[in-house]
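Coordinate inspection notes
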Amino acid sequence: MINKNVTILLTVVVTLLCIYYLSFTFVSRKVQSEARDAATDSLGNVNYQLQQRYLDSVWNEPVWNLFGIKYTYKEVKEIQLGLGLDLQGGMHVTLEVAPADIIKGLSGFNEDPVFLQALARASEKQRNSQENFTSLFYESFRELHPNGRLAPLFATAANRGRISFDSSDDEILAVINTEVADAIDRSFQIITNRIDQFGTSSPNIQRLPGSGRLQVELPGVENRERIRNLLQGVAKLEFWEVYDLNQVGNVFIALNNKIMAEQRSLLVSGRTAGSDGTELSDSDGSTPSDETDELAQALQGLPADSAAEDLAAQLSGDSTLTDSLQQPAASPLFTLRRSSNYGLFYAVKDTSKINRILQRPDIQPLIPNTMKFLWMKSATPDDTGEEVLELYALKVRRGGQPPLTGEVIVDARPDIDDRGRPAVSMQMNAAGAKIWRKLTADNINQRIAIVLDNRVYSAPNVQNEIPNGNSSITGNFTIEETKDLSNVLKTGKLPAPTRIVEEAVVGPSLGKQAQSQGMISIIGGLLATVVFMVAYYARGGLVANLALVFNIFFILGILAQMNAALTLPGIAGIVLTIGMAVDANVLIYERIREELRGGATLISAINQGFSKAYGTIIDSNLTTFITALIMFIFGQGAIRGFATTLMIGIVCSVFTAVFISRVIITWITRNGTKNNVSFDLGWSKKLFLGTKIDFMGKRKIAYVFSVSVILIGIILIVMQGGLNMGVDFKGGRSYVVQFKDPVQPTKFRSSLVAAFQGTGTEVKSYGSSNSVKVTTSYLVDDESSSADTTVENALVRAIHQNTGLRYEPDQATVTGETFTISGSTKVGATIADDIKQQSLEAVLLAFLGIFIYIVIRFKRWQYGLGAVVALIHDSLIVVVSFAYARLLGKMFEVDQVFIAAVLTVIGYSINDTVVIFDRVREYTRLKPGAPMYDLLNESLNATLSRTIITSGCTFLSVVVLLIFGGEALRGFSFALIIGIIIGTYSSVYIAIPLVLDLIKKKEPKPALS
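Residues numbered from 1 in each chain as written. Predicted model: local features only at pLDDT ≥ 70, side-chain atom pairs only at ≥ 80, totals over all residues. Heavy atoms only, no water.

1. Details of helix 25 (residues 746–755)
- Of the positions making up helix 25, those classed as buried are Phe748, Ser751 and Leu752. Take helix 25 and look down its axis: the buried residues cluster within an arc of 105°, on one side only. Exposed positions of helix 25 whose direction lies more than 90 degrees from the buried face are Thr746, Ser750 and Ala754.
- Looking at the buried residues of helix 25, the elements they touch are strand 21 (732–739), strand 22 (761–766), strand 23 (768–776) and helix 26 (785–803). (Buried < 20%, exposed > 50% of the residue type's maximum accessible area, 1.4 Å probe, protein only. Helix = DSSP H or I, 4+ residues; strand = E, 2+ residues; numbered from the N terminus. Arc of directions from axis to C-beta. Contact = heavy atoms within 4.5 Å.)

Okay, here's the thing in structure tokens:
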């Protein structure tokens, strides 16, 4: 047990850390509020594109000064407790690299019929298989051509040195697997580069281990088509010649002079104009840029002498490019940090301003058509530690095309140069080698930029002419950097297109609604629990509630420290934690009450209560933690958010209930009297006291009841044509359509079925009378962007034909004459199969993990088997409850969130069972030789108060979630409510009685050790 001083120190440290990290969340919310205000018109309508533009504009600007340390908005967002897309709106996309296209490209696009048929068959198999595509391809190839070899298909000139006609099939498969893995890395780099250029705030890009997929989350974006094109477009790898800065000095001098002359003019105009409302303009009548307008406004009100001195110091008429390089104060708008012979380094926060200046129509004529500017991909720190980006001036030849593109690259791989330094070896085909020879000959001692999607990835210096296309790129590389660069160079070698296999779009209005529903759920669940604990445990309940407040605060603070995002399922995890957190206090308080009834003094009762409850608390929470950990490992997206919150909640619950509560109770009872604390009120003092229910005698009735409920439910499922599977499990597309006024889904159901050509289509109300959810399997096997457009257009046409309303893409301006799609989801058939498989594995692994833990902890397999059978019973009843609900007109979907609910029920139910097991073990030690029948009944009666109270608190919290949590969590909440009821029932009438029946057959007189 942790002593008091350590507990206080830990509490203070964790509290201070939580305050520190949550402070960034408040700053971020303040900036977002300012962005919203700036984008709101006089009628209160929010322009979400303007709001996002405001956030992007301050992305690299300091917005928070903490103890003298300045943090940019980007840094604040990285530290803050973020919101998931379901709470703020945005787009979630899962991309998959197409291995079939990689294999085709590796074969030189071989047209052999057997080869093409094998690829097609492998694609078909992958829908119902967890094997990797290469294995399925080879299996299909062997089925079609048992005596065939792969070498004739892949021994091409492009593969010389790696694959020959003598290569074995295993060697070729190894090369294919390597290329597929490299393609995933390339795609990750390409997508990261494109998202960086897209400019959205706080994007999240990650690989999904073992799947060959990439997951991208983009908060705040609404232009779905643009994002789809951005993520799925073919990578553009180019080689460009680079200007020496001495060659383009006159251009920069002209740019400097233009900007400084404009600023001088604005300074004078700004001191006389602006105050009277007149518009500032240039001498030619054009409106100045935003940057110069901001400068003029900033200088308004300065004393004349001060302004003149400022001009003399910063905008000298003799200022040239050379002066700027020698003295970095180039202009008030942005500061040149340093320069090289080829590039200019600017602070990352200034790059957006520079881009806008270079793109201005009045600036463009000053830039020759033989020149273009591109930024280096990655930032580097300067002498002050601030990140800077290098700006390159590239040579543009006639026609505007690069002299060489990536298609000519045959291979690129990490290497070691003649000095033992990491390098990259690059080989080109014959056509590329010819161009490369001339290009390198013309640029000896000059740089050639390697450009990927309009970002300079590297700009190596040419040391000599390269005649044969085999090049070595050296520099101050790390091993990882050579691997990254070689992958970039191979983007033009093989086609590695990505396709969107899963997509979810949440509109800002839907996200805002989810936020309010989530907050109401948390507050409602907390209030219900607080009131109940005080009403039942009096002042002891106040202590438990204080620990509960610490618990919620710690959960949010730790989530912020982990850079996690709070999702709607995450909020559900907090609400569930609120209900479950009091379980530890209930166990402790019930133990204290037992000791007091036995005649112990207050201090002794408190010490014994905490001591005896400690082991039970650890056991019961650890089993729930196991199921949460399994959810985290196998889940994705929002499910991971739920699992993360639940795991943190479990740890915080144990710490606050066991340690913080004890410190508080010890402090208020330091005089040893009962005046300062009590653990019951008059009505609760004798509740559940002295019960002698014969639970074991009713076990057969319970068995018959449970089997009957499950069998009838299964029959209902069959009669109903199966469970109502969500798109997560069957694939397809779903849309949330919002109207201003209430609508009846039946009004356009038949038209939608016709529009989707009779395929499986479901139309139902979603959360409110003016929202409808449409789910369809139309074109489920076609994951292309064109198919997405086709399905969405069919949806829009069908609704328009039946309602006369027009489709409005801008969700902020829906009127009585328009409708909008506020959210959408797409899951490809292949990934749906993977999700089903992972869900099944997660449930089975939860059963196995709990069985092993129970057997080890209680040293009897009968306990483990009884517990697992009860959990299977609970899971089956939760499943069939959806069929019973369907009889009452409630159609809940079975999806990933449902699986999370089942796993939560498993963790919750075993929590109850373990508490009873722990009491059985204790009574067995106290009463050796007593009949197991009597011991089990006595244990159940002794823990009945804890079982009912804990279940009651959790039930109240989940009911609040069901009522206020919104449609997205409706099925989840319903499953949890059924699970809490059935889990409590099964712990008493299934798990414990099964232990009795199993032990009676093997050991007439069992004894727990």
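2. A few points about helix 29 (residues 896–926)
- In a regular helix each residue adds 1.5 Å, so 31 residues correspond to 45 Å; helix 29 covers 45 Å between its end C-alpha atoms and thus fits that length.
- Of all 31 residues in helix 29, 29 are buried, a share of seventy percent or more. (Expected span 1.5 Å × (residues − 1).)

3. A word on the nonpolar core
- Of all hydrophobic cores here, the largest spans 129 residues; its most connected members are Tyr589, Ile854, Tyr863 and Phe972.
- Counting residues in each nonpolar core, the second largest holds 41 residues, with Phe133, Leu136, Phe188 and Val505 among its members. (Core = buried A, V, L, I, M, F, W, Y, C linked by side-chain atoms within 4.5 Å.)

4. Topic: the pattern of salt bridges
- The tally for this structure, following the rule as stated, stands at 27 salt bridges.
- Of the charged contacts in the structure, one is a salt bridge between Glu590 and Arg593, with a shortest N-O distance of 3.9 Å. Of this pair, Glu590 and Arg593 both sit in helix 20 (residues 568–597), 3 residues apart, which is roughly one turn of that helix. Like Glu590, the residue Arg593 is buried in the burial classification.
- The shortest N-O distance in the salt bridge between Lys773 and Glu893 comes to 3.4 Å. In this pair, Lys773 sits in strand 23 while Glu893 sits in the loop between helix 28 (861–887) and helix 29, placing the two residues 120 residues apart along the sequence.
- When salt bridges with common partners are traced through the structure, they connect Arg121, Lys125, Glu139 and Glu143 into a single cluster. (Salt bridge = Lys/Arg side-chain N within 4 Å of Asp/Glu carboxyl O.)

5. Here's the deal with the confidence of the model for the chain
- For the chain, per-residue confidence averages 77 on the pLDDT scale, and residues scoring 70 or more make up 84% of the total.
- Predicted confidence in the chain is weakest over helix 14 (residues 321–326), with a mean pLDDT of 34, and strongest over helix 23 (residues 699–719), with 93.
- Low pLDDT, under 50, characterises residues 270–333; the predicted model gives this stretch 82 contacts beyond four residues in sequence or across chains.
- Residue range residues 1002–1009 is modelled with pLDDT below 50. Its contacts to residues more than four positions away, or to other chains, number 19 contacts. (pLDDT = per-residue confidence, 0-100.)

6. Quick word on unusual backbone geometry
- Notably, Asn445 is not glycine yet its phi reads approximately 65°, a positive angle.
- Position of Asn445 relative to the elements: it lies in the loop between helix 16 (430–442) and strand 16 (448–452).
- For Asn445, a relative accessible area of 53% translates into the label exposed.
- Of note in the backbone geometry, Lys859 takes a positive phi value of approximately 60° without being a glycine.

7. A closer look at the sheet that holds strand 14 (residues 409–416)
- Strand order in the open sheet formed by 3 strands is 14-15-18, with antiparallel pairing between adjacent strands. In this open sheet, the two edge strands, each paired with only one partner strand, are strand 14 and strand 18 (470–474). Strand-to-strand twist in this sheet, taken as the mean axis angle between neighbours without regard to direction, amounts to 20°.
- Sheet topology places strand 15 (residues 422–428) next to strand 18; 5 bridges connect them, and they run antiparallel. Within the sheet, the bridge partner assigned to Met426 lies in strand 18 and is Ser471.
- Together, strand 15 and strand 18 form the strand contacts of helix 16, whose direction differs from that of strand 15 by roughly 115°. (Pairing = 2+ DSSP bridges. Axes fitted to C-alpha atoms, helices over the stretch in contact; angles between N-to-C directions.)

8. Points about the state of the cysteines
- As enumerated under the stated definition, the model contains 0 disulfides in all.
- The cysteine Cys18 is free of any disulfide, with Cys652 supplying the nearest cysteine sulfur at 7.6 Å.
- Assessed through its relative accessible area of 0%, Cys18 is described here as buried. (Disulfide = S-S within 2.5 Å.)

9. Some words on the environment of Leu752
- Along the chain, the position of Leu752 falls in helix 25.
- Along the sequence, Leu752 and Ile799 sit 47 residues apart, while their C-alpha atoms lie 7.6 Å from each other.
- Apart from the residues within four sequence positions on either side, Leu752 is in contact with Thr761, Val763, Val774, Leu795 and Ala798.

10. Re the packing of aromatic side chains
- Taken as a whole and assessed by the stated rule, the structure comprises 27 aromatic pairs.
- Aromatic side chains Phe24 and Tyr71 sit 4.9 Å apart centroid to centroid with 85° between the ring planes, which places their arrangement in the edge-to-face category. With Phe24 in helix 1 (residues 4–38) and Tyr71 in strand 2 (residues 69–72), this pair connects stretches of sequence that are 47 residues apart.
- Taking relative accessible area as the criterion, Tyr71 reaches 11% and is therefore assigned buried.
- A ring pair is formed by Phe858 and Tyr863, whose centres lie 6.1 Å apart and whose planes are at 10°; its orientation type is stacked.
- With relative accessibility at 0%, the residue Tyr863 sits in the buried group.
- In textbook terms, an aromatic cluster arises when at least three aromatic residues are bridged by ring pairs, as seen for Phe550, Phe553, Phe554, Phe655 and Phe659.
- Looking at Lys927, its charged tip hangs above the ring of Tyr923, at a distance of 5.3 Å from the centre. (Phe/Tyr/Trp six-rings, centres within 6.5 Å; stacked < 30°, edge-to-face > 60°. Lys NZ or Arg CZ within 6 Å of the ring centre and 35° of its normal.)

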